Protein chains: 4
Amino acid sequence: MPKMKVAIFVEPGRIVLDEKPIPDVGPLDALLRITTTTICGTDVHILKGEYPVARGLTIGHEPVGVIEKLGSAVQGYREGQRVIAGAITPSGHSAACLCGCHSQDGAGTKHGWKPLGGWRFGNTIDGCQAEYVLVPDAMANLAPVPDGLTDEQVLMCPDIMSTGFSGAESGRIRIGDTVAVFAQGPIGLCATAGARLMGASTIIAVESVPERMEVARRMGADHVVDFTKGDPVEEIRRLTDGRGVDVSIEALGRQETFEASLRVLRPGGTLSSLGVYSGDLRIPLDGFMAGLGDHTIRTTLCPGGKERMRRLMEVVASGRVDTRPLVTHRFKLDQIEEAYDLFAHQRDGVLKVAITP
Amino acid sequence: MPKMKVAIFVEPGRIVLDEKPIPDVGPLDALLRITTTTICGTDVHILKGEYPVARGLTIGHEPVGVIEKLGSAVQGYREGQRVIAGAITPSGHSAACLCGCHSQDGAGTKHGWKPLGGWRFGNTIDGCQAEYVLVPDAMANLAPVPDGLTDEQVLMCPDIMSTGFSGAESGRIRIGDTVAVFAQGPIGLCATAGARLMGASTIIAVESVPERMEVARRMGADHVVDFTKGDPVEEIRRLTDGRGVDVSIEALGRQETFEASLRVLRPGGTLSSLGVYSGDLRIPLDGFMAGLGDHTIRTTLCPGGKERMRRLMEVVASGRVDTRPLVTHRFKLDQIEEAYDLFAHQRDGVLKVAITP
Amino acid sequence: MPKMKVAIFVEPGRIVLDEKPIPDVGPLDALLRITTTTICGTDVHILKGEYPVARGLTIGHEPVGVIEKLGSAVQGYREGQRVIAGAITPSGHSAACLCGCHSQDGAGTKHGWKPLGGWRFGNTIDGCQAEYVLVPDAMANLAPVPDGLTDEQVLMCPDIMSTGFSGAESGRIRIGDTVAVFAQGPIGLCATAGARLMGASTIIAVESVPERMEVARRMGADHVVDFTKGDPVEEIRRLTDGRGVDVSIEALGRQETFEASLRVLRPGGTLSSLGVYSGDLRIPLDGFMAGLGDHTIRTTLCPGGKERMRRLMEVVASGRVDTRPLVTHRFKLDQIEEAYDLFAHQRDGVLKVAITP
Amino acid sequence: MPKMKVAIFVEPGRIVLDEKPIPDVGPLDALLRITTTTICGTDVHILKGEYPVARGLTIGHEPVGVIEKLGSAVQGYREGQRVIAGAITPSGHSAACLCGCHSQDGAGTKHGWKPLGGWRFGNTIDGCQAEYVLVPDAMANLAPVPDGLTDEQVLMCPDIMSTGFSGAESGRIRIGDTVAVFAQGPIGLCATAGARLMGASTIIAVESVPERMEVARRMGADHVVDFTKGDPVEEIRRLTDGRGVDVSIEALGRQETFEASLRVLRPGGTLSSLGVYSGDLRIPLDGFMAGLGDHTIRTTLCPGGKERMRRLMEVVASGRVDTRPLVTHRFKLDQIEEAYDLFAHQRDGVLKVAITP
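Residues numbered from 1 in each chain as written. Chains lettered and ligands numbered in written order. Predicted model: local features only at pLDDT ≥ 70, side-chain atom pairs only at ≥ 80, totals over all residues. Heavy atoms only, no water.

Per an unreviewed UniProt entry, chain A carries the name Threonine dehydrogenase and comes from Microvirga guangxiensis. Regarding chain A, the relevant UniProt record gives this comment under Sequence similarities (unreviewed entry): "Belongs to the zinc-containing alcohol dehydrogenase family." As stated in UniProt under Cofactor (unreviewed entry), the record for chain A gives "Zn(2+)". (UniProt positions renumbered as here; feature names shortened; annotations may be inferred.)

Structure below.
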């Protein structure tokens with residue numbers, strides 16, 4: 001049985017390079033040979049033991065690759081085809097999927113809903129930081145890469161761009177809106193790009209790392225507020241002349257940013273939350289206008305499925321958004337531990353790393 | 001200058017009957033002779049000093065009456081006509097109104113948005129617990145009462161029914177949904193009726209007062225859970241066979257009900273919040289699925305304006321919903337202090353009182 | 001190879017009882033033993049040659065039955081279970097499905113969209129007027145029947161109720177709307193019930209057959225306009241005091257009703273079209289307000305999939321809607337030709353027939 | 001009584017320069033001194049007698065100016081302020097306005113809805129091709145021009161940009177959509193810009209005039225199809241590799257473009273219609289998929305009101321869209337007849353003219 005290199009979770013603090021057998025391909029699966037993948041902030045949560053996964057699981061949920069083998073029932077693809085799959089790989093047939101809520105896919109459960117159920121790679125099944133990965137429900141999930149796009153051009157699609165854009169989409173941004181985006185890590189940067197793409201006329205990004213502030217401007221921010229130099233809520237009030245913003249996007253996952261996102265809203269505004277929180281949240285009475293402010297708070301888990309991926313790659317192909325500035329470092333799969341070390345400690349201005357087996 | 005009787009806020013703990021001059025009628029106003037009004041839970045907040053208003057303000061925001069006098073610029077009405085006005089009286093011309101967010105009407109402010117700005121009666125201008133009330137922006141707010149409907153039949157429209165129904169509407173209830181409604185006071189009962197009206201196939205009401213539990217069933221609840229007999233979250237999980245609800249409506253304004261409303265949701269569900277909260281709220285990490293559950297939390301302030309009132313009265317006229325069981329006690333305006341005493345202490349199975357000058 | 005009785009299309013004018021082998025069960029299929037099915041207006045179009053299908057195809061798309069055999073990859077069901085499937089049987093994994101547009105499922109096509117592609121039973125694959133039917137993509141389509149519901153209680157769910165309700169849903173009916181429904185055949189009657197279920201306060205049904213007018217009232221119509229006794233557009237204008245309706249539902253598929261549906265709308269209103277048209281349609285300039293009336297015209301093909309079916313059966317189980325009055329005649333499968341004869345000629349007050357193998 | 005110069009409609013074929021008294025200012029009005037205005041395609045319809053208005057009416061509905069005098073009840077503005085008003089001037093207080101359907105404002109009518117009722121300038125009241133214009137319901141309609149924007153930069157906001165963008169908005173364009181825009185006159189060009197602004201990844205414009213084809217590319221079109229060189233439906237099918245478009249925008253008002261807009265849609269797509277039609281329209285059976293294609297057809301009349309204007313000017317100020325290339329010719333008000341002659345005959349590559357009193 002041939003083997004492949006994989007990055008597995010061993011215990012909190014340890015993700016290591018190891019070997020596993022290349023998996024068998026079930027009738028609805030596809031085996032992908034990974035050509036490029038990356039590390040996500042969520043993987044760092046796993047590394048730190050903040051998000052629990054099974055010991056020995058292969059980590060990673062952002063695959064770019066080539067179809068090595070198709071399951072017997074999979075139609076519409078050919079081996080050798082360049083494809084990506086989303087971080088979320090919905091079955092398509094659960095109650096959640098049939099309601100359009102693919103990320104909460106409960107295939108196999110009694111009622112068809114499961115919290116975060118669509119997230120399988122590197123969570124409930126082996127992931128993509130490996131030489132090969134098995135894509136479940138391949139017909140719902142494999143998206144061919146358009147000719148002319150490089151691996152690195154589409155590497156943000158499976159998670160970062162899909163999640164970031166969803167922050168703008170769930171905020172229901174309209175032409176002429178004023179939008180604040182809290183934190184300009186990779187997802188926040190894509191939220192900024194998404195807000196720009198949906199027609200926001202003023203985008204205020206909040207960040208303090210100079211490199212990220214600079215990329216924020218390139219992604220579409222009109223103003224970048226450095227929260228270390230003053231209260232960002234006050235600064236956003238000032239920039240909007242006291243009006244507040246129509247939509248705010250939380251892209252960090254902390255109490256401070258969640259709360260600030262609420263406080264900068266005009267009455268009737270929407271807080272679109274992308275952060276992964278690690279504790280209870282507090283809603284301040286005044287920011288919530290005692291529950292009478294006609295607010296909407298909406299959380300979104302990365303939209304997946306092949307059609308989402310197709311659409312995002314169309315955006316890349318059109319040149320509307322270029323996420324290549326987000327790939328700041330490159331490693332071989334053999335160097336994955338080194339890559340985690342750099343990425344987890346946010347050293348050297350890292351935004352995202354590209355990993356090539 | 002002729003005088004009229006009014007109920008005014010004096011200081012925390014004291015709302016008393018007093019006299020004021022009948023006000024002058026500006027060009028856009030209408031003077032209403034009140035024929036029936038009522039006391040709202042919010043008025044009790046005012047009484048207790050929990051919601052601040054100016055001393056000497058006439059309280060009350062739920063008017064049924066007859067047009068006594070029209071402002072010089074008001075067209076489309078005639079004196080003597082029976083009308084209601086909503087608790088919220090939008091101007092129609094602020095930025096908020098032009099965005100369809102009439103409750104946050106900021107007419108007269110710099111940007112046109114003001115938290116709760118559409119709520120004027122008994123909040124920022126003299127209210128309806130009086131012999132007469134001045135309705136501002138009359139052309140946006142006066143809604144003629146259809147022939148054949150009594151005062152008591154439309155008395156819930158200005159606030160209770162509008163707010164309660166909005167709980168169902170903001171929850172975006174769809175045919176076949178399962179819905180939980182927390183608390184069956186007057187607003188919760190109308191939320192139950194609204195959920196029924198929008199096609200929910202299973203409605204689970206949470207309450208413990210026997211009279212309210214009984215009315216809940218009449219308003220459309222399929223199940224009524226007594227929260228004093230066990231954890232309502234567990235009971236709702238049991239009733240839904242572990243699935244959870246599509247939409248939950250919070251109609252009380254407390255941490256326990258807010259939190260329970262979140263916990264009973266299936267992934268991707270909506271919490272529609274109607275409560276007036278009096279402190280910070282806590283979002284439990286697990287109920288919020290760490291921010292990854294595709295949840296929506298939406299708050300709604302009572303929709304107002306004459307068209308809303310017309311539509312609600314149409315519902316009453318159609319016989320689809322009958323709110324008369326909510327009027328449990330009747331008082332003359334002269335007895336308003338007694339009415340407050342009964343209502344504030346929730347004595348004698350009171351749901352709503354009718355006050356007639 | 002065991003045989004089963006089936007009703008097949010032979011040529012325009014001839015649908016006959018015949019025999020076919022019981023089909024093999026592929027890995028994603030389920031074989032259903034039909035216990036009750038029915039004839040649809042669309043089947044009559046097929047019979048008349050107005051809608052083309054392959055000669056020899058088994059007709060029918062409304063199955064109630066028992067799982068006889070499950071495909072090797074099908075999980076979450078057991079043989080012997082009572083189930084229904086929708087008239088539309090989406091794959092769940094096409095681009096259309098991933099966009100929530102399951103009826104236009106293009107599984108197997110280049111782009112994943114195919115006009116009417118989700119409609120397979122009795123259209124592109126063998127249908128349900130048979131002793132057995134093969135359900136494709138079983139995990140997306142089999143919906144267990146709740147205990148206590150009879151076959152006839154759920155017989156309208158696969159098509160009639162799903163289509164009828166969708167007329168109200170696509171019309172985006174809101175609490176307090178005034179709605180007109182043109183034609184009260186089975187689908188129009190369910191559109192009336194759907195409008196009622198969504199909170200319309202005034203429902204005006206248009207029909208001329210006395211039995212149907214009577215059932216229309218039972219399904220929720222407030223007014224029933226007999227179009228043979230005067231122009232229904234004028235009558236609806238009169239009933240709405242000149243205002244027009246917020247939403248009109250076309251449930252017949254003719255120029256007259258399409259045009260009348262447009263003419264009765266208030267500005268900004270929505271025409272929700274359910275009809276299957278057999279020729280070009282004309283939009284009258286005045287009814288369309290020269291293209292400046294902020295109108296919406298929306299067509300809807302019967303929503304399918306197991307979650308839709310589950311929700312509809314929940315509505316039936318709740319007692320909110322009872323479609324049993326629609327089943328006016330009963331036949332054995334052996335009498336299918338007789339059943340077609342009665343149904344196609346609309347004799348004897350027939351609304352829907354129940355066919356039992 | 002001081003006089004002012006105005007352009008009035010005399011009879012079909014004749015719009016001439018004339019004089020009228022400067023009007024009195026009612027309590028809710030504002031008198032604007034026009035600094036720049038323009039001629040709309042609709043004005044040409046009026047000129048030709050295709051759209052009827054009263055003889056002697058001052059034409060024009062696109063004002064940029066300075067507040068000369070405010071009505072006694074108007075608050076929040078000061079004389080001398082630079083402002084624009086939309087082509088549509090809603091009252092804010094009619095039933096239509098309270099439903100968010102401001103263009104169909106029926107202020108003063110029995111039910112509060114009137115087809116095209118929000119369009120008053122140059123239609124039911126004197127318009128803007130004049131030295132002065134009276135703006136009704138000033139508080140709902142006057143939008144201050146941000147510092148630093150010239151008259152010509154905001155001249156497209158009152159109608160052209162508002163209408164054009166609404167084509168994209170009513171099409172509910174989403175990130176990654178493919179969109180076709182039929183005709184690239186001023187409104188079609190703004191629809192193209194709007195589609196770009198909302199995140200369409202592929203925009204296909206249809207036009208044949210070289211200058212317009214060129215501007216279309218500058219406004220965001222990825223492809224420009226010359227309909228004189230082949231069937232645009234076939235060409236769009238080819239460009240989309242047979243898939244069709246998600247949204248098509250009709251921006252001309254003819255049967256050919258309406259029909260083509262429908263034919264290029266994928267199933268489930270939306271036709272957003274902006275054209276002013278002058279005859280009945282035909283919906284082709286096949287393009288409509290017999291009424292079963294899950295299509296939406298939506299018409300939109302130019303959104304107005306001060307908040308819409310504010311938002312559009314924010315877009316201009318942000319530099320996201322620059323409509324200055326649309327102003328190709330400049331005239332003094334004294335030359336208005338000459339301007340009409342050029343514009344009506346589409347001579348000399350004219351897109352829009354700027355008229356300055």
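Here the narrative resumes, following the displayed structure.
Caption draft 1: Structural detail: the interface of chain A and chain B. Counting from both sides, the interface comprises 44 residues of chain A and, opposite them, 45 residues of chain B. Summed over both sides, the interface of chain A with chain B buries roughly 3800 Å², with 58% coming from carbon and sulfur. If you sort the residues of chain A by the area they bury against chain B, Leu292, Asp294 and Thr299 of chain A come out on top, with a joint share of 17%. At the surface where chain A touches chain B, the tally comes to 4 salt bridges. A salt bridge links arginine 282 of chain B to aspartate 280 of chain A; its shortest N-O distance comes to 3.0 Å. (Contact = heavy atoms within 4.5 Å. Buried area = accessible area lost by both parts, 1.4 Å probe. Salt bridge = Lys/Arg side-chain N within 4 Å of Asp/Glu carboxyl O.)

Caption draft 2: Geometry of the relation of the copies chain A and chain B. By a simple turn and slide, chain A fits onto chain B: the slide is 0.0 Å along the axis, the RMSD is 0.0 Å, and the turn is 180°. These values place the two chain copies in the arrangement generated by a two-fold rotation axis. Taken as a fraction of all interface residues of chain A, those also at the interface in chain B reach 100%, which identifies the copy contact as same-surface. (Least-squares fit on C-alpha atoms with pLDDT ≥ 70 in both.)

Caption draft 3: Up close: the UniProt feature "domain: Enoyl reductase (ER)" (unreviewed entry) in chain A. Under the local residue numbering, the UniProt record ascribes the feature "domain: Enoyl reductase (ER)" (unreviewed entry) to residues 13-351 of chain A. Secondary structure content for residues 13-351 of chain A is 28% helix and 21% strand, and the end C-alpha separation is 21 Å. (Helix = DSSP H or I, 4+ residues; strand = E, 2+ residues; numbered from the N terminus.)

Caption draft 4: Region of interest: the domain arrangement of chain A. Residue and element names in this part refer to chain A. We note that the domain assignment places domain 1 (3-85 + 121-155 + 323-356) and domain 2 (161-299) within chain A. Distance from the C-alpha centre of domain 1 to the C-alpha centre of domain 2: 30 Å. Every contact between the two is made by 8 residues of domain 1 and, on the other side, 10 residues of domain 2. Of the roughly 840 Å² buried between domain 1 and domain 2, counting both surfaces, carbon and sulfur atoms make up 78%. Here domain 1 is connected to domain 2 by 2 residue pairs in polar contact (both at pLDDT 80 or more). Looking at side-chain class alone, the side of domain 1 that touches domain 2 contains 4 nonpolar, 3 polar and 1 charged residues. (Domains from an automatic or database assignment. Polar contact = N/O pair within 3.5 Å; in protein donor to acceptor, adjacent residues only side chain to side chain. Nonpolar A, V, L, I, M, F, W, Y, C, P; charged D, E, K, R; others polar.)

Caption draft 5: Highlighting the packing of helix 5 (residues 157-170) of chain B against helix 6 (residues 186-197) of chain B. Residue and element names in this part refer to chain B. With their axes 7 Å apart at the nearest point, helix 5 and helix 6 run at an angle of 50° to one another. Put simply, helix 5 runs oblique to helix 6. Crossing geometry of helix 5 relative to helix 6 is assigned as right-handed. Residues Asp159, Ile160, Met161, Thr163, Gly164, Phe165 and Ala168 of helix 5 pack against Pro186, Ile187, Cys190, Ala191, Ala193, Gly194, Ala195 and Leu197 of helix 6. Grouping the amino acids of the contact of helix 5 with helix 6 by side-chain chemistry returns 11 nonpolar, 3 polar and 1 charged. (Axes fitted to C-alpha atoms, helices over the stretch in contact; angles between N-to-C directions. Parallel < 35°, antiparallel > 145°, perpendicular 65-115°, else oblique. Left-handed = near helix turned anticlockwise from the far one by under 90°.)

Caption draft 6: Broad picture of unusual backbone geometry. Residues and elements named next belong to chain B. The phi dihedral of aspartate 137 is positive, around 45°, even though this residue is not glycine. Given a relative accessible area of 16%, aspartate 137 falls into the buried group. Here the phi dihedral of aspartate 348 falls at roughly 65°; this positive angle occurs in a residue that is not glycine. (Buried < 20%, exposed > 50% of the residue type's maximum accessible area, 1.4 Å probe, protein only.)

Caption draft 7: Quick peek at the environment of proline 232 of chain B. Residues and elements named next belong to chain B. Among the secondary structure elements, proline 232 is positioned in helix 8 (residues 232-239). Proline 232 gets classed as buried once you look at its relative accessible area, which sits at 15%. Sequence-distant contacts of proline 232, that is, excluding residues within four places in its chain, are made with Phe182, Val206, Val225 and Phe227.

Caption draft 8: Up close: the interface of chain D and chain C. Tallying the contact residues gives 44 residues for chain D and 44 residues for chain C. Here chain D meets chain C over a buried area of about 3800 Å², counting both sides, of which 58% is carbon and sulfur. Together, Leu292, Asp294 and Thr299 of chain D form the three largest contributors to the area buried by chain D at its contact with chain C, with a combined 17%. Counting the contacts that link chain D with chain C gives 4 salt bridges. With a shortest N-O distance of 2.9 Å, aspartate 241 of chain D and lysine 110 of chain C are connected by a salt bridge. Seen at the junction of chain D and chain C, the total is 25 residue pairs in polar contact (both at pLDDT 80 or more). The set of elements that each furnish at least two residues to the side of chain D that touches chain C consists of strand 12 (265-273), strand 13 (281-283) and strand 14 (296-299) of chain D. As paired elements, strand 14 (residues 296-299) of chain C and strand 14 of chain D share 3 bridges and run antiparallel to each other. (Pairing = 2+ DSSP bridges.)

Caption draft 9: Layout of the sheet that holds strand 7 (residues 143-144) of chain B. Residue and element names in this part refer to chain B. What the 5 strands build is an open sheet, ordered 6-3-4-5-7; its pairing is antiparallel. Each edge of the open sheet carries a strand with a single partner, namely strand 6 (132-135) and strand 7. Here strand 3 (residues 30-36) runs beside strand 4 (residues 64-70); their pairing, made up of 6 bridges, is antiparallel. Each residue of the ladder has a partner; that of threonine 36, found in strand 4, is valine 64.

Caption draft 10: Spatial organisation of the sheet that holds strand 11 (residues 245-250) of chain B. Read from one edge to the other, the open sheet built from 12 strands follows the order 10(A)-9(A)-8(A)-11(A)-12(A)-14(A)-14(B)-12(B)-11(B)-8(B)-9(B)-10(B), with strand pairing classed as mixed. Edge positions in the open sheet fall to strand 10 (223-225) of chain A together with strand 10 (223-225) of chain B, since each of these has one partner strand only. Between one strand axis and the next, the sheet turns by 15° as a mean value, whatever way the strands run. Two elements, strand 8 (residues 178-182) of chain B and strand 11 of chain B, share 4 bridges in a ladder whose sense is parallel. Directly across from valine 181 of chain B, in strand 11 of chain B, lies its bridge partner isoleucine 249 of chain B.

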